[in-house]
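# Coordinate analysis (summary)
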Amino acid sequence: MENLEKILADFEAGLKNLKSEREVFDFEKRYLGRKDGIITNLFSEIANLSIDEKRELGSKLNEIKKRIKVLLKQKKSSVSKIEIEIDEDAPEIKSGFGSFHPLTIIKKELAEVFSSMGFDIVEGFEVANDYYNFGALNFPEDHPARDMQDAYYISGSKDQLLRAHTSTMQVFTFENEIPPVRKIAMGKCFRRDETDATHEHTFWQIEGFAVDENITSGNLKFTLNEMFKKILEKEDVNVRFRPSYFPFVEPGYEVDSTCTFCGGKGCRICKNTGWIEWGGAGMIHPNVLEKQNIDSKKFRGFAFGFGIERMAMIKFGIKEIRNFHSGDLRFLGV
Ligand code: FA5
């Protein structure tokens, strides 16, 4: 019995010195731990005593256990719950504020400039079928892009594929909306291209198109000029169209802007031409509109499609496309 009083007194004295929640837990374990707790052990010792002793000591032990529990509870609520364990040997953690990914910056700028011109912004679907990716866009049956070697087909399917360009969004839109429409689609595209410094199997494109009664290439040029001014952060940017071929536009163009990095004199970015190549554009082919029951005599439209990684590479002087999706924090400058 005396021993029990001493145990309780020791407990109370020890409890006073505890400063943290961790210490309280350890202390609790020392007394009430299931394996080797001081009180727990005493309970198992009772088993060897006579019935009378058992009764007397048992009730005293229960009383002490109760008291210990109450005191532990009080102590737990009084010590600080917020503790940081410091590992002296752990490497230093550099704190940084982080930064936006270059693609995020470009997408945000594109969203801003096009919404200011009244374009709706959509992302669209990454899985399409031959019809949305090619057929409805006037690709001839034997066009090489339709080849299984160039697009990722869903396994076991000859029809379903991962979209190879965001032009699929023209078809989805014309199926569901009546002109006038102005739309921007930004999303991932997939191609079985050889990976190199400027090509990846997965990349982002922006598709833009507008259909109305009096749309001309002049509208296209103005719209793209506004986009270049925003991305290049310069007011004096010119746009140049060179003839090109895409089955879903007629006429089709390759779009260049003046090189704002050298002022047109020639540099590494423009490969000494004074012009930067951005991507494809053109006037939407009447066949594409007619396939969706849009009267091509009444309505005309423009469309353009650019690689967003390419835009970021130009804007930020990034030389290697594989950096974008590598997850390497050094690239992000964090
Ligand atoms: C197209 O994809 C057309 N849909 C663009 C278009 C839209 C033309 C509307 C006319 C009217 P193209 O295959 O050239 O075109 O791709 C456009 C851009 O996507 C390229 O200039 C390039 O920047 C980017 N791109 C294409 N393939 C890859 C790739 N494997 N990796 C990274 N970027 C790519």
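To start, this report covers the structure provided alongside it. (Residues numbered from 1 in each chain as written. Predicted model: local features only at pLDDT ≥ 70, side-chain atom pairs only at ≥ 80, totals over all residues. Heavy atoms only, no water.)

## Observations concerning the overall build of the chain
Applicable threshold: Secondary structure follows DSSP: runs of H or I at least 4 residues long count as helices, runs of E at least 2 residues long count as strands, and numbering of each begins at the N terminus. In this description the radius of gyration comes from C-alpha coordinates, and the expected globular size is given by 2.2 Å times residues to the power 0.38. Only protein chains enter the area calculation, which uses a 1.4 Å probe; residues under 20% of their type maximum are buried, those over 50% are exposed, and those in between are partly exposed.
Along its length, the chain carries 11 helices and nine strands. On C-alpha atoms alone, the chain measures out to a radius of gyration of 36 Å, which is more than a quarter above the 20 Å that the 2.2 N^0.38 rule sets for 334 residues. Principal axes of the C-alpha set define a box for the chain whose edges measure 110 × 50 × 35 Å. The proportion of buried residues among the 334 residues of the chain is 42%.

## Notes on the site of the ligand
Short version of the rule: By convention in these notes, a residue is near a molecule or strand provided one of its non-hydrogen atoms lies within 4 Å of it. A 3.5 Å cut-off defines polar contacts: any pair of N or O atoms within that distance qualifies, except that in protein one atom must be a possible hydrogen donor and the other a possible acceptor, and neighbouring residues in sequence count only when both atoms are side-chain atoms. Computed with the Shrake-Rupley method and a 1.4 Å probe, the accessible areas treat only the protein chains shown as cover for residues. Under the grouping applied here, Gly and all other residues not named as nonpolar or charged are polar, the nonpolar ones being Ala, Val, Leu, Ile, Met, Phe, Trp, Tyr, Cys and Pro and the charged ones Asp, Glu, Lys and Arg.
Neighbouring the ligand are 23 residues, the closest being His165, Ser167, Arg191, Asp193 and Glu200. Here a nitrogen atom of the ligand and a backbone polar atom of glutamate 200 are 2.9 Å apart. In isolation the ligand offers 680 Å² of accessible surface; the protein chains occlude 86% of this area. For the shell around the ligand, the secondary-structure elements that each account for two or more residues are β5 (202–212), β8 (275–284) and β9 (300–307). Classifying every residue of the shell around the ligand by side-chain character gives nine nonpolar, nine polar and five charged.

## Looking at the environment of leucine 103
The condition is simple: Residues count as neighbours in contact if any of their non-hydrogen atoms are within 4.5 Å of one another.
Mapped onto the elements of the fold, leucine 103 is located in helix α5 (residues 102–116). Remark: the alpha-carbon pair of leucine 103 and histidine 143, spanning 40 residues in sequence, is separated by 31 Å. Filtering out sequence-adjacent residues up to four positions away, leucine 103 remains in contact with Trp204, Ile308, Glu309, Ala312, Phe324 and His325.

## Comments concerning the sheet that holds strand β4 (residues 181–190)
Defined as follows: When DSSP finds two or more bridges between two strands, those strands count as paired. Here an angle of 0 to 180 degrees is reported between the N-to-C directions of two axes, which are lines fitted to C-alpha atoms, with helices fitted over the stretch in contact.
With mixed pairing, the seven strands of this open sheet are ordered in space as β1-β4-β5-β9-β8-β7-β6. Each edge of the sheet is formed by a strand with only one pairing partner; in this case those strands are β1 (120–122) and β6 (239–244). Strand-to-strand twist across the sheet, computed as the mean angle between neighbouring axes with direction ignored, equals 25°. In this structure, β5 lies alongside β9, joined through eight bridges in antiparallel fashion. Looking across to β9, one finds that glutamine 205 is bridged to glycine 307. Together, β6, β7 (249–258), β8 and β9 form the strand contacts of helix α8 (residues 217–232), whose direction differs from that of β9 by roughly 30°.

## Here's the deal with the pairing of β5
Counting buried positions along β5 gives 10 out of 11 residues, so the element sits mostly inside the fold. Strand direction decides the pairing type here: β4 and β5, joined by 10 bridges, are antiparallel. Paired with alanine 185 across the bridge in β5 is glutamate 207.

## Some remarks on the packing of aromatic side chains
Put simply, the test is: The rule is short: rings of Phe, Tyr and Trp, with Trp giving its six-membered ring, pair when the centres are within 6.5 Å, and they are stacked under 30 degrees, edge-to-face over 60, tilted in between. In this scheme, Lys NZ or Arg CZ marks a charge over a ring once it lies within 6 Å of the ring centre and within 35 degrees of the ring normal.
Summed over the entire model, instances satisfying the criterion amount to 18 aromatic pairs. Both rings, one in tyrosine 131 and one in tyrosine 132, keep their centres 5.2 Å apart while their planes meet at 80°; by these two values the pair is edge-to-face. Looking at tyrosine 131, the relative accessible area reads 33%, which means it is partly exposed. The buried category is assigned to tyrosine 132, whose relative accessible area is 17%. Connected via pairs of aromatic rings, a cluster forms that spans Phe114, Phe119, Phe228, Trp278, Phe302, Phe304 and Phe306. For the cation-ring pair, lysine 107 lies above tryptophan 204, with the distance from its terminal atom to the ring centre recorded as 3.4 Å. Lying across the ring of phenylalanine 241, lysine 221 places its NZ or CZ 5.2 Å from the centre.

## Concerning the pairing of β7
Counting buried positions along β7 yields seven of 10 residues, so the element is predominantly enclosed. The pairing of β6 with β7 spans six bridges and is classified as antiparallel. Each residue of the ladder has a partner; that of arginine 240, found in β7, is aspartate 256. Once β6 ends, the chain turns through four residues before running back antiparallel as β7. Note that β7 and β8 share eight bridges and pair antiparallel. The partner of glycine 252 across the bridge, within β8, is glycine 282.

## Some remarks on the nonpolar core
What counts, and what does not: The criterion is simple. A nonpolar core is a set of buried Ala, Val, Leu, Ile, Met, Phe, Trp, Tyr and Cys residues joined through side-chain atoms within 4.5 Å.
Counting residues in each nonpolar core, the largest one holds 43 residues, and the members touching the most others are Leu110, Phe114, Met227, Phe228, Phe304 and Phe306. Considering every element that reaches this core, the biggest residue donor is α8, with six residues. Excluding residues that lie within four positions of it along the chain, methionine 227 makes contacts with Leu110, Val113, Phe114, Phe304, Phe306 and Met311. Grouped together as the second largest cluster of nonpolar side chains are 25 residues, Phe174, Phe248, Val288 and Ala303 included.

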